Amino acid sequence: MDAETIAMRLGLGADVTPWLKEIAELPDTGLRLPAPQDAAEALQPFAPLPQDAAELAALWPDDSWPREALWLVERMYARIVADVDNDPWMWRDWPRLDHVDDARVRCAPVFAFAAAVPLLRARHARHGVPAEVTAATLADMGRHLAQTRTMLGRCGLETSTWMALHYRGGLYELGRLQYEPGRLGPIGAVTWYGPGQDEDLAPELRPGQPTLRLHIPQDGPLDPAAVQDSLRRARPFFAEHFDTDVAVATCTSWLLDPTLARYLPADSNILAFQRLFTLIDDDGADGDGDVFRFVFRHPRVDLDAVPQRTRLERAVVAHLRGGGHWRVRTGWLRLP
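Taking an unreviewed UniProt entry as the reference, the protein is identified by name as Acyltransferase belonging to Marinactinospora thermotolerans DSM 45154.

As a further point, take the packing of aromatic side chains. Under the criterion given, the structure shown has 15 aromatic pairs. Between Trp 65 and Phe 111 the ring centres are 5.7 Å apart and the planes differ by 70°, which places this aromatic pair in the edge-to-face class. On the criterion of sequence distance, the pair formed by Trp 65 in the loop between helix H4 (50–59) and helix H5 (67–83) and Phe 111 in helix H7 (residues 108–115) is long-range, its members being 46 residues apart. Both residues of the pair, Trp 65 and Phe 111, count as buried. Ring geometry for Tyr 172 versus Phe 238: centroids 5.8 Å apart, planes at 85°, classification edge-to-face. With Tyr 172 in strand S1 (residues 172–174) and Phe 238 in helix H12 (residues 224–242), the pair connects residues that are 66 residues apart, well separated along the chain. Here Tyr 172 matches Phe 238 in class, with each residue buried. Among the aromatic residues, ring-to-ring pairing joins Trp 19, Trp 94, Phe 113 and Tyr 167 into one connected group. Sitting over the ring of Phe 294, Arg 293 keeps its end group 5.8 Å from the ring centre.

Another aspect to go through is the pairing of strand S3 (residues 210–215). Summarising the sheet, strand S2 (residues 177–183) and S3 pair through 6 bridges and their orientation is antiparallel. Residue pairing across strands places Arg 183 opposite Pro 210, the latter belonging to S3. Across 3 bridges, S3 lies against strand S4 (residues 248–253) in parallel orientation. If you follow Arg 213 over to S4, its bridge partner there is Thr 250. Each parallel crossover has a hand, and the one from S3 via H12 to S4 is right-handed.

For Asp 243, which is not glycine, the phi torsion reads 50° and is therefore positive. With respect to the element layout, Asp 243 can be found in the loop between H12 and S4. Judged by relative accessible area, Asp 243 falls into the exposed class, the value being 73%. With a phi angle near 55°, Arg 297 is a residue other than glycine that sits in the positive phi range. Overall, the relative accessible area of 25% leaves Arg 297 in the partly exposed class.

So, about the nonpolar core. Ranked by size, the top nonpolar core spans 52 residues in total, and within it Leu 12, Leu 20, Phe 46, Phe 113 and Tyr 167 carry the most contacts. Setting aside its immediate chain neighbours within four residues, Leu 20 contacts Ala 3, Ile 6, Ala 7, Leu 12, Trp 71 and Leu 72. Judged by nonpolar contacts, the second largest core, of 38 residues, contains Val 129, Val 227, Leu 256 and Ile 270.

The next subject is the UniProt feature "domain: GNAT-like C-terminal" (unreviewed entry) in the protein. In the numbering adopted here, UniProt assigns the feature "domain: GNAT-like C-terminal" (unreviewed entry) to residues 171–333. Secondary structure across residues 171–333 divides into 27% helix and 20% strand, with the first and last C-alpha atoms of the span separated by 19 Å.

The set of residues buried in helix H9 (residues 131–138) consists of Val 133, Thr 134, Thr 137 and Leu 138. Each buried residue of H9 lies within a common arc of 130° when the element is viewed along its axis, so the set occupies one face. H9 presents Ala 131 and Glu 132 as exposed residues on the side facing more than 90 degrees away from its buried surface. Structurally, H9 contributes buried residues whose contacts are with helix H8 (117–126), helix H10 (140–152), helix H11 (160–167), S1 and H12.

A word on the domain arrangement of the protein. Domains assigned within the protein are domain 1 (3–169) and domain 2 (174–334). Between the C-alpha centres of domain 1 and domain 2 the distance comes to 27 Å. The interface is formed by 18 residues belonging to domain 1 together with 19 residues belonging to domain 2. Interface area for domain 1 against domain 2, summed over the two sides, is near 1600 Å², with a carbon-plus-sulfur share of 58%. A per-residue breakdown of the area domain 1 buries against domain 2 is headed by Trp 89, Arg 143 and Met 151, which together make up 38% of the total. Linking domain 1 to domain 2 there are 2 salt bridges.

Our next topic: the pattern of salt bridges. Pairing of side chains with opposite charge becomes possible as their charged atoms draw close. Under the defined criterion, the tally for this structure stands at 25 salt bridges. Between Arg 79 and Glu 22 there is a salt bridge; the shortest N-O distance is 2.8 Å. One end of the pair, Arg 79, is in helix H5; the other, Glu 22, is in helix H2 (residues 17–24), and 57 residues separate them in sequence. Here Glu 22 falls in the partly exposed class, since its relative accessible area comes to 36%. Of the charged contacts in the structure, one is a salt bridge between Arg 149 and Glu 55, with a shortest N-O distance of 3.0 Å. Remark: Glu 55 occurs in helix H4 and Arg 149 occurs in helix H10; sequence separation between them is 94 residues. Classification of Arg 149 by relative accessible area gives buried; the value is 15%. Each member of the salt-bridge network shares a partner with another, and the members are Glu 22, Arg 79, Asp 83 and Arg 92.

About the criteria used
Residues numbered from 1 in each chain as written. Predicted model: local features only at pLDDT ≥ 70, side-chain atom pairs only at ≥ 80, totals over all residues. Heavy atoms only, no water. Phe/Tyr/Trp six-rings, centres within 6.5 Å; stacked < 30°, edge-to-face > 60°. Helix = DSSP H or I, 4+ residues; strand = E, 2+ residues; numbered from the N terminus. Buried < 20%, exposed > 50% of the residue type's maximum accessible area, 1.4 Å probe, protein only. Lys NZ or Arg CZ within 6 Å of the ring centre and 35° of its normal. Pairing = 2+ DSSP bridges. Right-handed = clockwise from strand over helix to strand, strands pointing away. Core = buried A, V, L, I, M, F, W, Y, C linked by side-chain atoms within 4.5 Å. Contact = heavy atoms within 4.5 Å. UniProt positions renumbered as here; feature names shortened; annotations may be inferred. Arc of directions from axis to C-beta. Domains from an automatic or database assignment. Buried area = accessible area lost by both parts, 1.4 Å probe. Salt bridge = Lys/Arg side-chain N within 4 Å of Asp/Glu carboxyl O.

What follows is the structure, given as structure tokens:
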């Protein structure tokens, strides 16, 4: 079958066809998925919520599936296999399938990632990554399944591109924070010092130098002690397991928008987190959508559709109702 036919039969848009053509050319993997009776065990590393675990186990690929859907899972697995030993700094886009009505197609990436758990574990083991770090990194899938259900009201994975990063060795969870190896410089929403701004920078701050991009899982309060503990772990972790001494970490987030100081008390965890960073002097990017995703777990900006239970929720809505906007800003800190 050609990619256009598969896209049509699976209810995918024409924009997915080039990606299907690409994965169709990857080498065969000989994938043998665990049997349906072993689905719960195969999903366990993701620490899914009970509702997601039950639905995914009931959907687990078997002989009743359309051959096009089975092909999609196998080819997604082939994409993971092809990328698992590639440069973790290489970005790899995956298509979003969370809009597809057929739950088997919508959840196909989850089944491919589940089949590839041994590949991630083996990569970590080659670098001596502690088992608890591997477990925490894999459990990020459970968060994103829960987020997709909350935002869209059904089982699926909105963030396949993000989860693929874990399998390339591009993300490690160390306590409260996650770390993505990268290099200093502008990419996507990440900004950095431009020409004329970098002449007096310390060597470790110059464009092209290694960095760790910080990410903040949605796991409750941003406790300052937990943040400091994670930061203290980061530099020794990458030096020991990847022979890389990284002196500087960056964060690109709406959490670094200085406007938050107008609404939150000085002793808030968010403002304590902000004070750790030196901001890049620019306007950043539009952050209204990010704030709605991460504060309300809502897929779009809709002031009338979200609650105002907490000080932060009230601040978000009040600022937007007053004609303001939230910004995604980049900041940096030196790792201990």
